[in-house]
Amino acid sequence: MSYGYTTDLAAIRAVVHRYAVRAGLSEPRAIDLVLAVSEVAANTVRHAQSPGSLNIWYDSNEIVCQIHDDGVITDPMAGRRRPAADAMGGHGLWIVYEVCDQVDMHSDETGTTIRLHMKLPGAQRRA
Amino acid sequence: MRGIPSGSGLWYNMGVDLLTVSVPARESAGEPYTLVEVAGEADVTNSDDLRRLLEAEIAQQPRTLIIDLSGLRFMDSSALHALLLVNRVMDRQGGVLALVSPQTAVARMLHLTTADRLIPVFQSVAEAAVG
């Protein structure tokens, strides 16, 4: 399923939670995925010039949320360093890396695509 | 954002009911603390409004500011930053900020960022008032 969004992040969060539960994520992990998607989509609200898109899919191993917008992330280490607890910024992407099992990020002059992966309970270990 | 008087306190509604903020008690001779209730979902689309409302309360120099989060279903990092900013200013003013009853997603955000080690979190307003 593909969802476009501008500033309606509450709707995006509801969609992600619904899919996460349907895919079989536990409630705490579903909340983590909602947190992560909301942080990425918040960057669209802050930086992008046009609407973002969210795609969600899952199989027996994992659920994936892919967020695309026309914003550009120039720092390849964005979100990889833990900010100070009282820092007034920089927590967003750091949380994304903290709660997701895998994060793929691709950014160039045409935009940014971020894939958030969460393993499902009982997923087969990959070789 | 609009402010609507309601009973003894104030009631604000931001972003089509996504977030509501009310102030049931303001510290004064008869009130030992300022109590702010935040309900709904706080994210990048309304965190500036949240911050401004909280700044207006701390500008009145309360010694104790209690923020009741029991009605808040979600908080993203930009809303967290509003709370961290308020905590910093309260600290500078010699006051204390306390948070009450965060729901699961909000408690998760406070824990992930270790903000719950900077700002005391209580189970009830009564507990927060005792400190």
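Residues numbered from 1 in each chain as written. Chains lettered and ligands numbered in written order. Predicted model: local features only at pLDDT ≥ 70, side-chain atom pairs only at ≥ 80, totals over all residues.

On the side of chain A, 21 residues touch chain B, which itself brings 24 residues to the contact. Ranked by the residues each element gives to the side of chain B that touches chain A, the list is headed by helix H2 (residues 77–92) of chain B, at seven residues. (Contact = placed C-beta atoms within 7 Å. Helix = DSSP H or I, 4+ residues; strand = E, 2+ residues; numbered from the N terminus.)

Attention now goes to the packing of helix H2 (residues 27–47) of chain A against helix H3 (residues 104–112) of chain B. Relative to each other, H2 of chain A and H3 of chain B sit at 70°, their axes nearing to 10 Å. Classified by the angle between their axes, H2 of chain A and H3 of chain B sit roughly perpendicular to one another. Seen from above, H2 of chain A lies across H3 of chain B with right-handed handedness. The residues of H3 of chain B that touch H2 of chain A, namely those facing Ile31, Asp32, Val34 and Leu35 of chain A, are Thr104, Ala105, Arg108 and Met109 of chain B. When grouped by side-chain class, the residues that make up the contact of H2 of chain A with H3 of chain B number five nonpolar, one polar and two charged. (Axes fitted to C-alpha atoms, helices over the stretch in contact; angles between N-to-C directions. Parallel < 35°, antiparallel > 145°, perpendicular 65-115°, else oblique. Left-handed = near helix turned anticlockwise from the far one by under 90°. Nonpolar A, V, L, I, M, F, W, Y, C, P; charged D, E, K, R; others polar.)

Glancing now at the sheet that holds strand S4 (residues 102–108) of chain A. All names here are of chain A. One open sheet holds the five strands; their spatial order is S1-S2-S3-S5-S4, and the pairing between them is antiparallel. Either end of the sheet is taken by a strand with one partner, and the two such strands are strand S1 (2–5) and S4. Strand-to-strand twist of the sheet, defined as the mean angle between neighbouring strand axes without regard to direction, takes the value 15°. Here strand S3 (residues 62–69) pairs with strand S5 (residues 111–119) via eight bridges, running antiparallel. Its bridge partner being in S5, isoleucine 67 is matched across the sheet by isoleucine 114. Strands S1, strand S2 (52–58) and S3 of the sheet are contacted by helix H1 (residues 9–23), whose axis makes an angle of about 10° with S2. (Pairing = 2+ DSSP bridges.)

Residues and elements named next belong to chain B. When pLDDT is averaged along chain B, the result is 90; 88% of the residues meet or exceed 70. The low-confidence segment residues 1–9 (pLDDT under 50) makes 16 contacts with residues lying over four places distant or belonging to another chain. Here the predicted complex scores 0.91 on pTM and 0.91 on ipTM. (pLDDT = per-residue confidence, 0-100.)

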